[in-house]
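# Structural description and commentary
Residues per chain are reported as follows:
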Amino acid sequence: MKTVYSPLHHGHSGYFEFCNGAFVPGFEKPVRAEFIRSRIEEVGLGPILAPVAHGIGPAQGVHTADYLAFLADAWTLWTAMDRHTPALPMVWPIPGLRADKPPKSIDGLLGFYSLDTGAPIVAGTYPAVVASLESAITAADLVRNGERAAFALCRPPGHHAGSRFMGGYCYVNNAAAAAQHFRDNGAARVAILDVDYHHGNGTQEIFYSRADVMVVNLHGDPLTEYPFLLGHADEHGSGPGEGFNVNYPMPHGTDYAVWGAALDDACRKVAAYKPDVVVVSLGVDTFEKDPISHFLLKTPDYPKIGRRIAELGLPTLFVMEGGYAVAEIAVNAVGVLTGFEG
Ligand code: Q9C
Ligand code: ZN
């Protein structure tokens, strides 16, 4: 299997996130991608290619133009205030406030276009975000051109980013943009299977009222887990999208016996949809030792995930999302890929 990777992700680093009432170094850090890259070389998964320079264009089908303009300009606006810290929001347009009038100040804009404090912006963030998107689109093109599967080693991840907001370490929704790219280039139906520990709220929001992209999520129950405000089992899609969104929230302590059964059910639903291609939002924060999650998957479980997805017999794009037990995420993420190859 071919991997697409860009070293530009290194620029998105050196920031803090709000955790347990304190600012702590971000869990979503460059070493994550580097461990995975090394592991790919170690097991000989296949060549590692640089992304084709598409720019931000492929995000336009899934994000609003004003949000993408904000992402491009945010660091410039922030530093124009003579600030040298990572840019973070502080006021959000929750119900009761005006969500129809974008503020002019960067302090207002950061909240207007985010869901939480989990997506800080530094000097290298935007170039990393664009390269991460380009990696997903380039890997999608490998699949479009006949590869059975490809791996986009995306960093930063994407599945919490919605049509007009960042959050949860995510800025541009790489998996959603890739799914839209498949649709724009001949695929009639695309299924997104999100196996990250956290509910892919952004992906769900983007496709919620559409029948042409099915979104299936396995995740920690939002009653107790980030992102808290989306991902319940009664969210089935709306209008023409009714029936094409499926959630499998699971409690703390879920192990592979339960999680694997949910994956099996999810794969049956994906198969019944008869998609032309499957996009897997590949998070490995389901691991028992993940520092911010509460499932109990073990390293030998990850190849089983890949094997089950391979049984769908469909062209498959893997897009990297979360996973924070840095020493082990590489073995687990690449375990899914080698399990897929059989
Ligand atoms: N104390 C992804 O896995 N909350 N995002 C972390 C840590 C945010 C996870 C709290 C988790 C976001 C792509
Ligand atoms: Zn996650």
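Treat the numbers as computed from the prediction; the structure is a model and nothing was measured.

Attention now goes to the environment of Asp-234. Tracing the sequence through the fold places Asp-234 in the loop between strand E7 (213-220) and strand E8 (245-250). Sequence spacing of Asp-234 and Tyr-197 is 37 residues, and the spatial spacing of their C-alpha atoms is 19 Å.

Okay, the sheet that holds E7 next. Strand order in the open sheet made by the 8 strands is E4-E1-E5-E10-E9-E6-E7-E8, with parallel pairing throughout. With one partner strand each, in any of the chains shown, strand E4 (48-49) and E8 form the two edges of the open sheet. Here 2 bridges tie strand E1 (residues 2-4) to E4, and the two strands are oriented parallel to one another. Opposite Thr-3, over in E4, you have Ile-48 as the bridge partner.

What follows concerns the nonpolar core. Nonpolar side chains in soluble globular proteins tend to be buried together. The biggest cluster of nonpolar side chains holds 104 residues, and the ones touching the most others in it are Ala-136, Ala-152, Ala-178, Val-279, Leu-317 and Val-319. No other element matches the 12 residues that helix H4 (residues 125-144) contributes to this core. Apart from the residues lying within four places of it in its own chain, the contact partners of Ala-178 are Ala-136, Ile-137, Ala-140, Val-279, Leu-317 and Val-319.

It is worth spelling out the UniProt feature "domain: Histone deacetylase" (unreviewed entry) in the protein at this point. The sites that UniProt annotates as "domain: Histone deacetylase" (unreviewed entry) are residues 29-334. Taken end to end, residues 29-334 is 36% helix and 12% strand, and its two terminal C-alpha atoms sit 18 Å from one another.

What follows is about the confidence of the model for the protein. Scored by pLDDT, the protein comes out at a mean of 98, with 100% of its residues at no less than 70. Predicted complex metrics record ipTM = 0.97 and pTM = 0.98.

It is the contact of helix H1 (residues 31-43) with helix H9 (residues 326-341), at a shortest axis distance of 8 Å, that shows an interaxial angle of 50°. Overall, the two elements H1 and H9 adopt an arrangement that is oblique. Taken as a pair, H1 and H9 cross one another with a handedness that is right-handed. From H1, Val-31, Arg-32, Phe-35, Ile-36, Ser-38, Arg-39, Ile-40 and Val-43 reach across to H9, where they touch Val-326, Ile-329, Ala-330, Val-331, Ala-333, Val-334 and Thr-338.

This brings us to helix H8 (residues 301-310). Two residues of an α-helix separated by three or four positions point the same way, owing to the 3.6 residues in each turn. For H8, the set of buried residues is Asp-301, Tyr-302, Ile-305, Gly-306 and Ile-309. Seen from one end, H8 has its buried residues packed into an arc of 150°, which puts them on one side. Where H8 is buried, its residues contact helix H7 (256-273), strand E9 (277-282), strand E10 (316-320) and H9.

With that settled, consider unusual backbone geometry. In this structure, the amide linkage connecting Arg-155 to the following residue, Pro-156, adopts the cis form with an omega of 0°. Looking at where Pro-156 falls in the secondary structure, it is placed in the loop between strand E5 (149-152) and helix H5 (174-184). That bond from Tyr-226 to Pro-227 is cis: its omega, 10°, falls within 30 degrees of zero. Take Pro-227: it is sitting in the loop between E7 and E8. At Asn-20, a residue that is not glycine, the phi angle is positive and equals roughly 50°. Structurally, Asn-20 can be placed in the loop between strand E2 (16-19) and strand E3 (22-25). Looking at Asn-20, the number of C-beta atoms within 10 Å reads 5, which means it is exposed. Despite not being glycine, Asp-82 has its phi angle at roughly 60°, a positive value. On the basis of neighbour counts, which here come to 6 C-beta atoms within 10 Å, the residue Asp-82 falls in the exposed class.

Definitions and limits used
- Residues numbered from 1 in each chain as written.
- Chains lettered and ligands numbered in written order.
- Predicted model: local features only at pLDDT ≥ 70, side-chain atom pairs only at ≥ 80, totals over all residues.
- Helix = DSSP H or I, 4+ residues; strand = E, 2+ residues; numbered from the N terminus.
- Pairing = 2+ DSSP bridges.
- Core = buried A, V, L, I, M, F, W, Y, C linked by C-beta atoms within 7 Å.
- Buried ≥ 20, exposed ≤ 12 C-beta atoms within 10 Å, placed from the backbone.
- Contact = placed C-beta atoms within 7 Å.
- UniProt positions renumbered as here; feature names shortened; annotations may be inferred.
- pLDDT = per-residue confidence, 0-100.
- Axes fitted to C-alpha atoms, helices over the stretch in contact; angles between N-to-C directions.
- Parallel < 35°, antiparallel > 145°, perpendicular 65-115°, else oblique.
- Left-handed = near helix turned anticlockwise from the far one by under 90°.
- Arc of directions from axis to C-beta.

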